[in-house]
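# Coordinate analysis (summary)
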Amino acid sequence: DSANATIANDQCIDIINALSELPKFGETAVAGGSGLSIEDVIRGTLFSLPEDGIPQSITAWVATPSFSHLMRCAIYIENADKTLTLVAQTNERSVSPIPISGKWETFALPSPVTLIKGNYLLAVVSRLSSGSASAFGTANFADFISVQTGTTFTSFPSTLSRPGGTVRYSIYCTYTPL
């Protein structure tokens, strides 16, 4: 009976975001090229938030061609000393197999936080498992910073050193302006 169908929380976020056209910061274009592994490796890019806001979700272009994978996303603020401090993370959730070309996956943020105008790292990671999980980015963006660091999947570290990569990942945050 379709009248009693249920919708997953992340699907609700997709619907709400599409209907409300909330602003986004990050990279909303799909990167060309092949994906880079996110299995127990944090991958993300530093982006500017143009105004204060409350993040609703993080969306990343990912692929899991063989098996379902548990994934999560995070937001880190860039501090004055260029270190990065964790401010929010999504719950882990299973992502069903996605073709090697990838697709957008949205992860809801469970607790509201306020972000002030500034620079934030948007990151994604997958639990190490069978098969492969990848995030997509475009290399050689000198004005973008990316991080690639080994991690255990149980949670994101509270701080990260500012990385030196130049990959602009296809990942963005939808937020409510203040």
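Rules behind the numbers
Residues numbered from 1 in each chain as written. Predicted model: local features only at pLDDT ≥ 70, side-chain atom pairs only at ≥ 80, totals over all residues. Heavy atoms only, no water. Helix = DSSP H or I, 4+ residues; strand = E, 2+ residues; numbered from the N terminus. Buried < 20%, exposed > 50% of the residue type's maximum accessible area, 1.4 Å probe, protein only. Contact = heavy atoms within 4.5 Å. Areas by Shrake-Rupley, 256 points an atom, 1.4 Å probe, with all protein chains shown as cover. Pairing = 2+ DSSP bridges. Disulfide = S-S within 2.5 Å. Salt bridge = Lys/Arg side-chain N within 4 Å of Asp/Glu carboxyl O. Phe/Tyr/Trp six-rings, centres within 6.5 Å; stacked < 30°, edge-to-face > 60°.

### Here's the deal with the overall build of the chain
Helices and strands together make up the secondary structure of the chain, namely 1 helix and 14 strands. Counting all 178 residues of the chain, 44% fall into the buried class. Taking as baseline every contact in the chain between residues at least 6 positions apart, the subset at least 24 positions apart corresponds to 83%. Of the accessible surface of the chain, which amounts to about 8400 Å², a share of 53% is contributed by carbon and sulfur atoms.

### Some thoughts on the pairing of strand 14 (residues 171-177)
Buried residues dominate strand 14, accounting for 5 of its 7 residues. Sheet analysis places strand 1 (residues 24-26) next to strand 14, joined by 3 bridges and oriented antiparallel. Directly across from Lys24, in strand 14, lies its bridge partner Thr174. As paired strands, strand 4 (residues 53-64) and strand 14 are joined by 7 bridges and run antiparallel to one another. Note on strand 14: the bridge partner recorded for Ala60 is Ile171.

### Here we look at the state of the cysteines
The final tally for this structure, using the stated rule, is 0 disulfides. Left without a disulfide partner, Cys73 is nearest to the cysteine sulfur of Cys173, which lies 9.8 Å away. Residue Cys173 is classed as buried on the basis of its relative accessible area, which comes to 0%.

### Remarks on the pattern of salt bridges
Working definition: two side chains of opposite charge can pair if their charged atoms are close together. On inspection of all chains with the given rule, the structure shows 4 salt bridges. Arg93 is the salt-bridge partner of Glu105, the closest N and O atoms lying 2.6 Å from each other. Highlighted residues: Glu105 in strand 8 (residues 98-108) and Arg93 in strand 7 (residues 93-95), separated in sequence by 12 residues. Accessibility classification places Glu105 together with Arg93 in one group, the buried group. For the salt bridge of Lys103 with Glu105, the shortest nitrogen-to-oxygen distance reads 3.2 Å. When its relative accessible area of 39% is taken as the criterion, Lys103 is described as partly exposed. Take Glu105: its relative accessible area is 10%, and that puts it in the buried class. Through salt bridges with shared partners, a single network forms among Arg93, Lys103 and Glu105.

### What about the packing of aromatic side chains?
Within this structure, the stated rule accounts for 5 aromatic pairs. Both rings, one in Phe25 and one in Tyr175, keep their centres 6.0 Å apart while their planes meet at 65°; by these two values the pair is edge-to-face. Remark: Tyr175 occurs in strand 14 and Phe25 occurs in strand 1; sequence separation between them is 150 residues. Per residue, the accessibility class of Phe25 equals that of Tyr175, and both read buried. Counting every residue linked through ring pairs, the aromatic cluster contains Phe25, Tyr120 and Tyr175.

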